[in-house]
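Given next are the chains, with one letter for each unit.
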Amino acid sequence: MIRIIGHIDIDYFYAQVEEVENPSLKPRPVIICVFSGRTEDSGVVSTANYVAREFGVHSGMPIALAKRKLMGKDPAVIRMDHEKYEVVSTRIMEDLEKRVDLLEPTGIDEAFFDLTTSAGDFNRARKDAESIKASILRNEHLTCSIGLGQSKVVAKLASDTAKPGGLTVISPDLTEAFLSPLPVSKLYGVGPKTATALNEMGIKTIGELARASPAELESRFGRKFGGYLLSASLGTDPSAVVAGLEPTQFSRILTLKHDTRDPLEAYDRLSEGIDYVQGKLASSGKASKTITAIGILADLSTRTKSKTFDAPIADLATIRETTLSLFEELSKTIEKDFRRVGVRVSGFEKAEDQTSLSEFVRPTG
Ligand code: DCP
Ligand code: CA
Ligand code: CA
């Protein structure tokens with residue numbers, strides 16, 4: 001049976017969320033920054049809008065270098081606010097979940113989905129993808145890119161091609177022509193090392209990979225990864241969309257009765273939030289390595305403080321104690337009162353029986 005798989009990725013996600021909040025940013029270069037605090041400009045760019053990218057700015061670039069490239073261009077330099085983007089992401093994923101057969105989030109701004117049953121064919125799947133795009137635009141004012149294909153590898157490459165803002169539909173009859181000319185490095189899981197090894201075997205394009213000898217690929221890359229490379233190059237990688245993927249965090253944020261900067265008041269209000277996240281850990285059989293205290297201040301800015309343990313924890317006493325001491329530390333650093341307070345547990349031990357595309361792929365690629 002031909003499967004209909006989609007990949008969705010929000011355009012310049014963090015920067016676009018900031019533009020939605022403040023539309024006057026749109027024509028300006030926008031960089032979202034993670035400041036390390038060492039010096040005023042220490043830290044890296046998390047992402048940039050497309051205006052800033054025109055000047056050579058990209059994710060991971062030192063803030064000081066990005067500022068130099070944007071000198072005289074009226075850049076907006078914005079501190080990353082992860083909580084804000086998480087909230088938007090959660091709303092988008094919840095809406096998506098209702099519109100597809102299966103949804104597998106793979107990051108804060110992207111997901112695989114399956115439309116095989118509900119759409120039935122690629123024409124109807126295209127319509128579904130168009131309504132997904134329209135819904136995200138209407139509800140969140142955000143643009144995204146979607147790719148459709150017969151496998152995860154094809155869908156992901158199709159959404160890359162659609163960036164920014166597009167929809168690329170690679171129906172089965174177009175798959176070979178779409179994949180063949182692309183360099184092997186474009187395939188999910190093919191990093192620089194694998195690409196070099198393939199190039200040394202005389203394999204530069206995905207089409208050449210599709211015609212390579214299976215035995216030779218297996219002897220060079222092992223049965224599992226060699227087999228994956230071949231199937232991926234043919235657009236027949238078998239990995240399925242896994243719905244309701246294991247959550248990566250549990251969190252709860254509560255509004256205080258009165259603004260305060262007293263850590264004991266904040267902690268007290270959080271009691272039911274702590275019970276909630278601990279209950280989620282217990283019922284899902286998970287343990288968490290990181291606990292984060294979240295404070296949303298009177299000016300609605302978000303501050304967080306985390307602690308990471310060497311070994312995962314799940315017991316109520318440790319979570320309570322840690323949350324309290326995190327709030328004691330956080331309250332020393334804030335210049336405004338807390339308005340809302342929250343707690344998050346994350347860094348779960350990964351469930352063993354989860355199959356995903358990444359399972360076929362070597363970590364070092
Ligand atoms: N991100 C980050 N550091 C990186 C890469 C990404 O903090 N090195 C964050 C910021 C991005 C978000 O993750 O907004 C999503 O990453 P993407 O790779 O999807 O990049 P963008 O959404 O920013 O841009 P694009 O339009 O290319 O998808
Ligand atoms: Ca994105
Ligand atoms: Ca992404």
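Heads up: the structure comes first, above all this text.
Residues numbered from 1 in each chain as written. Chains lettered and ligands numbered in written order. Predicted model: local features only at pLDDT ≥ 70, side-chain atom pairs only at ≥ 80, totals over all residues. Heavy atoms only, no water.

**Student:** Explain the site of ligand 1 to me, please; I cannot follow it from the model alone.
**Tutor:** What surrounds ligand 1 is a group of 13 residues, the closest being Tyr-12, Ser-46, Thr-47, Arg-53 and Lys-163. Calculation on ligand 1 without its partners gives an accessible area of 550 Å², and the protein chains cover 69% of this total. The pocket occupied by ligand 1, as judged from atoms lying within 2 Å of grid points, is the second largest pocket. Of all elements in the fold, only strand E1 (5–10), helix H1 (13–21), strand E3 (43–48) and helix H2 (50–53) reach the threshold of two or more residues within the shell around ligand 1. Taken together, the residues that form the shell around ligand 1 break down as five nonpolar, three polar and five charged. (Near = heavy atom within 4 Å. Areas by Shrake-Rupley, 256 points an atom, 1.4 Å probe, with all protein chains shown as cover. 1 Å grid on protein atoms, 1.4 Å probe; cavity = no way out; pocket = protein on both sides within 12 Å on 5 of 7 lines; lining within 4 Å. Sits in = over half its atoms within 2 Å of the grid points. Helix = DSSP H or I, 4+ residues; strand = E, 2+ residues; numbered from the N terminus. Nonpolar A, V, L, I, M, F, W, Y, C, P; charged D, E, K, R; others polar.)

**Student:** I keep staring at the coordination of the calcium ion (ligand 2) and nothing clicks. Help me out?
**Tutor:** By definition of the ideal shapes, four donors in a tetrahedron about a metal sit 109.5 degrees apart, and six donors in an octahedron sit 90 or 180 degrees apart. The calcium ion (ligand 2) binds to the protein through Asp-9 (OD), Ile-10 (O) and Asp-109 (OD), with metal-donor distances spanning 2.0 to 2.2 Å. Coordination at the calcium ion (ligand 2) is octahedral, judged from the six donor atoms that bind it and the angles of 82 to 176° they form at the metal. Look at where the donors of the calcium ion (ligand 2) fall in the sequence and you get D-I-x98-D. A separation of 3.6 Å is found between the calcium ion (ligand 2) and the calcium ion (ligand 3), both of which receive a donor from Asp-9. In this pair, Asp-9 is assigned in strand E1 and Asp-109 in the loop between strand E5 (102–107) and strand E6 (110–114), connecting sequence segments 100 residues apart. On the basis of relative accessibility, which here comes to 6%, the residue Asp-9 falls in the buried class. The class of Asp-109 is buried, set by a relative accessible area of 15%. (Donors = N, O, S within 2.8 Å, 3.2 Å for Na, K, Ca; no water. Tetrahedral: all angles 85-135°; square planar, octahedral: opposite > 155°, others 65-115°. Buried < 20%, exposed > 50% of the residue type's maximum accessible area, 1.4 Å probe, protein only.)

**Student:** Looking at this structure, I do not really get the coordination of the calcium ion (ligand 3). What am I missing?
**Tutor:** Donor atoms from the polypeptide that bind the calcium ion (ligand 3) are Asp-9 (OD), Asp-109 (OD) and Glu-110 (OE), placed at 2.1 to 2.6 Å. Between consecutive donor residues of the calcium ion (ligand 3), the sequence gaps follow D-x99-D-E.

**Student:** I would appreciate a short explanation of the packing of H1 against helix H4 (residues 82–99) in the present structure.
**Tutor:** Pairs of packed helices are described in terms of their axes, by the angle between the two and the distance that separates them. At a minimum axis separation of 10 Å, H1 and H4 run at an interaxial angle of 90°. Between H1 and H4, the interaxial angle falls into the category roughly perpendicular. Judged by residue contacts, Phe-13, Tyr-14, Val-17, Glu-18 and Glu-21 of H1 engage His-82, Lys-84, Tyr-85, Val-88 and Ser-89 from H4. Tallied by class, the residues present in the contact of H1 with H4 amount to five nonpolar, two polar and three charged. (Axes fitted to C-alpha atoms, helices over the stretch in contact; angles between N-to-C directions. Parallel < 35°, antiparallel > 145°, perpendicular 65-115°, else oblique. Contact = heavy atoms within 4.5 Å.)

**Student:** Would you explain unusual backbone geometry in this entry?
**Tutor:** Residues apart from glycine generally show negative phi values, whereas peptide bonds are mostly found in trans. Of note, the bond from Lys-163 into Pro-164 is cis; its omega dihedral lies within 30 degrees of zero at -10°. Tracing the backbone shows Pro-164 in the loop between helix H7 (152–162) and strand E8 (167–169). Unlike most non-glycine residues, Tyr-12 shows phi in positive territory, near 20°. Among the secondary structure elements, Tyr-12 is positioned in the loop between E1 and H1. Despite not being glycine, Asp-74 shows a phi value in the positive range, around 60°. Its place among the elements puts Asp-74 in the loop between helix H3 (63–69) and strand E4 (76–79).

Note that every value here comes from positions in space, so none of it alone points to a role or purpose.
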